[in-house]
Amino acid sequence: MKQKKPVKISIRKLYKIFGSDPKSALEHVKAGVGKPDLLKRYGHVLGLQDINVDMRDGEITVIMGLSGSGKSTLIRHLNRLIEPTDGKVEVDGEDVLAYGEKKLRDLRRSKMSMVFQKFALLPHRTVLENTTMPRRVRGEGGQATEDDGTKWLDRVGLHGYGGHYPNQLSGGMQQRVGIARALASDSPIMLMDEAFSALDPLIRTDMQDLLLELQKELHKTIVFITHDLDEALKLADHLVILKDGRVVQQGEPQEILLHPNDPYIVDFISDINRARVLRVRSIMEETDREGDGLAGEVDADQNLESVIAISGGDTNLHYRVMSGGQQVGLLHMKDLVRALVPVDAQDASKRVSAA
Amino acid sequence: MATYDGVIEAVGLTDWCSVEGAGGPMTMEELMAQARGETEAPDVNLWELPFPSLDALNQSCSVIPRTRDMTDAVEQGFLGIKDALRVVLDPITTPLGWMLDLSLQFFQAVPWFIMIPFLIAITWFASKSAKVTALVAFSFLFMAFIDHYVYAIQTLSIIFVCTIFSVVLGVPIGIAMSRSNVLQRGAIPVLDMLQTLPTFVYLVPLIFLFSVTESKLYGIAIILYAIVPVIRLTDLGIRLVDKDVIEAANAFGMTSWQKLTRVQIPLALPNIMAGINQTIMMSLAMVVIASLVSAPGLGVLVLRGIRNLELGVGLVSGFCIVLLAILLDRSTKAALSRIDASGR
Ligand SMILES: Nc1ncnc2c1ncn2[C@@H]1O[C@H](COP(=O)(O)OP(=O)(O)O)[C@@H](O)[C@H]1O
Ligand SMILES: [Mg+2]
């Protein structure tokens with residue numbers, strides 16, 4: 001398997017409670033009071049409880065959950081737009097919560113940039129001025145900064161739009177400016193709060209492709225928030241599923257698809273096209289044994305839909321699975337078909353906890 | 001025998017009341033009663049029962065002060081703090097007086113054949129609107145033709161200075177209010193009061209504080225009245241700035257000063273400009289009333305019309321004020337819409 005990358009952001013035992021006296025409400029939460037009870041009996045809103053997540057360098061960590069599950073609250077703890085009630089947030093091994101005003105500002109200026117659901121561009125500034133904003137906030141300026149801004153605008157496909165004002169652009173183009181602005185700050189970490197949720201489906205797909213393409217080259221640590229499972233599965237290296245301010249499951253997306261540990265997640269994944277999302281790598285038998293009666297070779301990163309097409313629907317075949325020119329395992333079509341059976345909420349045998 | 005003798009007796013205050021003899025001069029009613037030859041109040045029937053006011057009670061109990069004594073006391077109190085108040089207010093307000101006088105001299109010293117083209121040019125530069133510029137040109141030429149030019153220019157000069165002071169003071173106050181809910185809660189009743197008080201009411205204490213010949217007297221009166229909208233709309237404008245944009249500014253590490261100058265003020269500018277427009281209009285309204293306390297300008301003519309019953313003078317000067325109001329409003333609004341249009 002792949003070598004695990006170093007942890008960039010580490011969240012430990014993070015709690016957030018909204019209300020007049022969060023400290024004493026925290027005691028109740030730690031004693032086991034849930035979100036609805038906390039609101040009804042103590043008048044406090046439970047934002048987040050006991051969050052433990054490691055976000056690795058150069059990976060896209062996707063945080064997924066329904067509206068109100070605490071996604072925005074969580075991502076805003078990373079750059080401390082929201083202060084936690086309890087817990088720890090470390091970036092590059094440093095405790096962000098111990099930062100003073102100056103260090104926090106430096107963190108926001110050069111280590112973390114952010115892309116917003118509603119774009120949040122400066123309406124009175126041109127597209128280029130918006131793109132160079134992070135650098136000018138740091139005190140940079142002049143031709144070099146302008147050139148850098150133009151470079152990023154070109155990179156996100158907005159060549160020649162530098163002199164326009166944001167409201168002259170469509171939503172998709174405005175969000176490209178938002179991405180260019182985040183990239184122009186040159187920060188290793190990018191926070192994206194439902195960055196594509198306000199866009200039309202087709203444009204959204206374009207933007208996802210753009211992000212993946214940029215990521216192949218830039219290797220940023222991206223924290224991406226979405227309420228859309230397809231988007232999450234497309235982008236995520238690491239998937240965190242939130243519900244009522246709690247992490248219900250986290251891990252490799254394929255792993256979560258095959259072994260959901262909560263009815264909530266089963267509901268979530270019941271509607272997706274499993275053949276298109278699942279990859280050969282996730283369901284193959286991991287072995288270097290020479291299989292017999294092989295019908296051919298498939299790639300480990302191919303999705304199951306394409307394998308079914310190759311096999312012509314024959315469930316008795318076996319394939320050699322290749323990755324980088326080497327055999328990494330064997331694929332039995334019977335396993336493939338089994339993997340396509342949706343995990344039913346009632347089927348206890350499948351609901352093994354993915355440790 | 002006065003109406004409330006019985007009451008005083010009943011509560012056992014007769015002794016206390018008679019300690020000191022009746023003092024002070026007689027009230028007007030007492031004098032009139034004396035003149036009519038009535039020495040004692042007649043027995044009143046129930047329908048004419050007077051309200052137990054200070055004056056009525058005083059008749060039964062001379063220790064209780066009369067209303068006139070009370071207003072006297074208020075006056076004495078005010079005169080008592082007047083000197084202390086002057087020591088504080090005089091230095092603060094002196095620059096205002098200078099500015100008003102200086103500007104008045106300047107506006108009058110510049111000959112009409114420079115001033116009128118200059119005003120037209122400014123209007124064109126600010127509004128870039130041919131219609132508004134033509135309106136300004138026509139109005140001033142008309143007023144000059146009917147010999148109202150000097151008065152109009154005096155009025156304009158006062159509005160000019162008072163608006164500058166209102167903006168210089170009002171915008172920072174509005175910004176401070178937008179940043180502190182406590183300050184906002186405290187300031188709003190004061191602003192409400194300044195705006196709803198009939199303007200004559202706060203001319204009264206000002207007359208006692210400053211002499212009527214000082215120009216800062218009317219300057220202060222105008223500013224107190226006209227500063228309100230610019231404060232309100234600065235506060236409102238900054239509070240209405242899109243929360244998401246503010247969050248983005250925070251997320252990219254702007255300091256509060258950067259946020260204020262690069263995001264909040266530019267985005268609040270249309271509202272602030274609307275406030276300035278209203279401030280100008282209210283200055284104009286007040287500068288007419290302020291002619292009661294020696295403010296020069298068109299208001300003086302209106303006043304003459306009222307005082308001497310010179311109907312024509314009053315009507316024509318009133319019309320000139322309307323002209324001034326329209327051209328000030330149109331040109332600031334045209335400038336405002338240009339700000340709105342550029343950069344959006
Ligand atoms: N400032 C706040 N005060 C009180 N409750 C809040 C506040 N911000 C968020 N919440 C609550 O916290 C929960 C999570 O909100 P949020 O993080 O915005 O959810 P999501 O982004 O997943 O839709 C919601 O129940 C919301 O009502
Ligand atoms: Mg949200």
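What you see is a predicted model, and the numbers here were worked out from it, not measured in a lab.

Undergrad: A description of the nonpolar core should follow, citing residues and the corresponding values.
TA: Of all hydrophobic cores here, the largest spans 64 residues; its most connected members are Phe140, Ile153, Ile158, Tyr218, Ile222 and Leu324 of chain B. Ranked by residues supplied to this core, first place goes to helix α11 (residues 215-239) of chain B with 13 residues. Apart from residues no more than four positions distant in its own chain, Ile158 of chain B is found in contact with Leu100, Leu104, Tyr218, Ile222, Val287, Ala295 and Pro296 of chain B. With 62 residues, the next largest nonpolar core counts Met190, Met207, Val248 and Tyr319 of chain A among its residues.

Undergrad: Describe in detail the site of ligand 1, supporting the description with residues and values.
TA: All names here are of chain A. Looking at ligand 1, the residues that line it are Phe18, Lys35, Val45, Leu66, Ser67, Gly68, Ser69, Gly70, Lys71, Ser72 and Thr73. Here an oxygen atom of ligand 1 and a backbone polar atom of Lys71 are 2.9 Å apart. Taking Ser72, its side chain carries an N or O atom lying 2.7 Å from an oxygen atom of ligand 1. Out of a free accessible area of 560 Å², ligand 1 has 60% covered by protein chains. Looking at the shell around ligand 1 element by element, the count peaks at three residues for helix α3 (residues 71-78). Class assignment of the residues belonging to the shell around ligand 1 gives a composition of three nonpolar, six polar and two charged.

Undergrad: Kindly report on the interface of chain A and chain B, identifying the contributing residues and their values.
TA: Listed per partner, the contact involves 25 residues of chain A and 17 residues of chain B. The contact between chain A and chain B buries some 1,900 Å² in all, and 65% of this surface belongs to carbon and sulfur atoms. Looking only at chain A, the three residues that lose the most surface to chain B are Arg108, His124 and Val137 of chain A, adding up to 25% of its buried area. Summed over the shared surface of chain A and chain B, the number is two salt bridges. Between Arg76 of chain A and Glu247 of chain B there is a salt bridge, with its nearest N and O atoms 2.5 Å apart. Broken down by element, the side of chain A that touches chain B gets its largest block of residues, four residues, from helix α5 (residues 127-137) of chain A.

Undergrad: Account for the sheet that holds strand β2 (residues 45-56) of chain A, with residues named and values stated.
TA: Residues and elements named next belong to chain A. Here four strands make up an open sheet; going across it, the order is β2-β1-β4-β5 and the pairing antiparallel. Strand pairing shows two members of the sheet lacking a second neighbour, β2 and β5 (94-95), which therefore form its edges. Two strands pair when backbone bridges link them, and strand β1 (residues 7-18) and β2 are joined in this way by eight bridges, in the antiparallel orientation. Bridge assignment links Ile11 to a residue of β2, and that residue is Val53. Packed on one face of the sheet, helix α1 (residues 22-30) meets β1, β2 and β4 (86-91) and runs near 105 degrees to β1.

Undergrad: An account of the UniProt feature "transmembrane region" (unreviewed entry) in chain B is needed here, citing residue identities and associated values.
TA: Residue and element names in this part refer to chain B. Mapped onto the present numbering, the UniProt feature "transmembrane region" (unreviewed entry) falls at residues 106-125, 132-151, 157-178, 190-211, 217-234, 280-303 and 309-328. Annotation note: span residues 157-178, helix share 100%, strand share 0%, distance between end C-alpha atoms 31 Å. Helix makes up 90% of residues 309-328 and strand 0%. Its end C-alpha atoms lie 29 Å apart.

Undergrad: Lay out helix α6 (residues 142-155) of chain A in plain terms, naming residues and giving numbers.
TA: All names here are of chain A. The first and last C-alpha atoms of α6 sit 20 Å apart over 14 residues, in line with the 20 Å expected at 1.5 Å per residue. Every buried residue belonging to α6 is among Thr145, Asp148, Gly149, Trp152 and Leu153, and all of these are buried. Take α6 and look down its axis: the buried residues cluster within an arc of 135 degrees, on one side only. With respect to the buried face of α6, the exposed residues turned more than 90 degrees away are Gln143 and Ala144. Looking at the buried side of α6, the elements it contacts are α5, α7 (171-184) and α8 (201-218). Backbone geometry just after α6 places Gly157 at a positive phi near 85 degrees.

Parameters at a glance
Positions within a chain are numbered from 1, following the residues in the order the chain's sequence is written. To label them, take the chains in the order written and letter them from A, then take the ligands in the order written and number them from 1. Where totals are concerned, whole chains, interfaces and linings use all residues; where local detail is concerned, this predicted model gives features only for residues with pLDDT of at least 70, and gives and counts side-chain atom pairs only at 80 or more. Think of the side-chain values as coming from all heavy atoms in the structure, minus any hydrogens and water. Think of a nonpolar core as a cluster: buried Ala, Val, Leu, Ile, Met, Phe, Trp, Tyr and Cys residues, connected wherever their side-chain atoms sit within 4.5 Å. Only protein chains enter the accessibility calculation, which uses a 1.4 Å probe. A residue is then buried if its area is under 20% of the maximum for its type, exposed if over 50%, and partly exposed in between. Counting from the N terminus, the helices are DSSP H or I runs at least four residues long and the strands are E runs at least two residues long. Any two residues whose heavy atoms approach within 4.5 Å are treated as being in contact. The rule for a residue being near a molecule or strand is that one of its heavy atoms must lie within 4 Å of it. Any pair of nitrogen or oxygen atoms within 3.5 Å is treated as a polar contact; in protein, a donor-acceptor pairing is required on top of that, and neighbouring residues in sequence qualify only through side-chain atoms on both sides. For the area figures, the Shrake-Rupley method with a 1.4 Å probe applies, and any residue is considered shielded solely by the protein chains shown. Residues are grouped as follows: nonpolar covers Ala, Val, Leu, Ile, Met, Phe, Trp, Tyr, Cys and Pro; charged covers Asp, Glu, Lys and Arg; every other residue, Gly included, is treated as polar. Joining two parts hides part of their accessible area as seen by a 1.4 Å probe, and the buried area is that hidden amount summed over both. The rule for a salt bridge is simple: a side-chain nitrogen of Lys or Arg has to be within 4 Å of a carboxyl oxygen of Asp or Glu. The criterion for strand pairing is that DSSP finds at least two bridges linking the strands in question. Angles shown run from 0 to 180 degrees and are taken between the N-to-C directions of axes, each axis being a line fitted to C-alpha atoms and, for helices, limited to the stretch in contact. UniProt positions are given in the numbering used here, feature names are shortened, and annotations may be inferred rather than shown by experiment. Every helix has an expected span of 1.5 Å times one less than the residues it contains. Working definition: the arc comes from the directions between the helix axis and the C-beta atoms, pointing outward to the latter.

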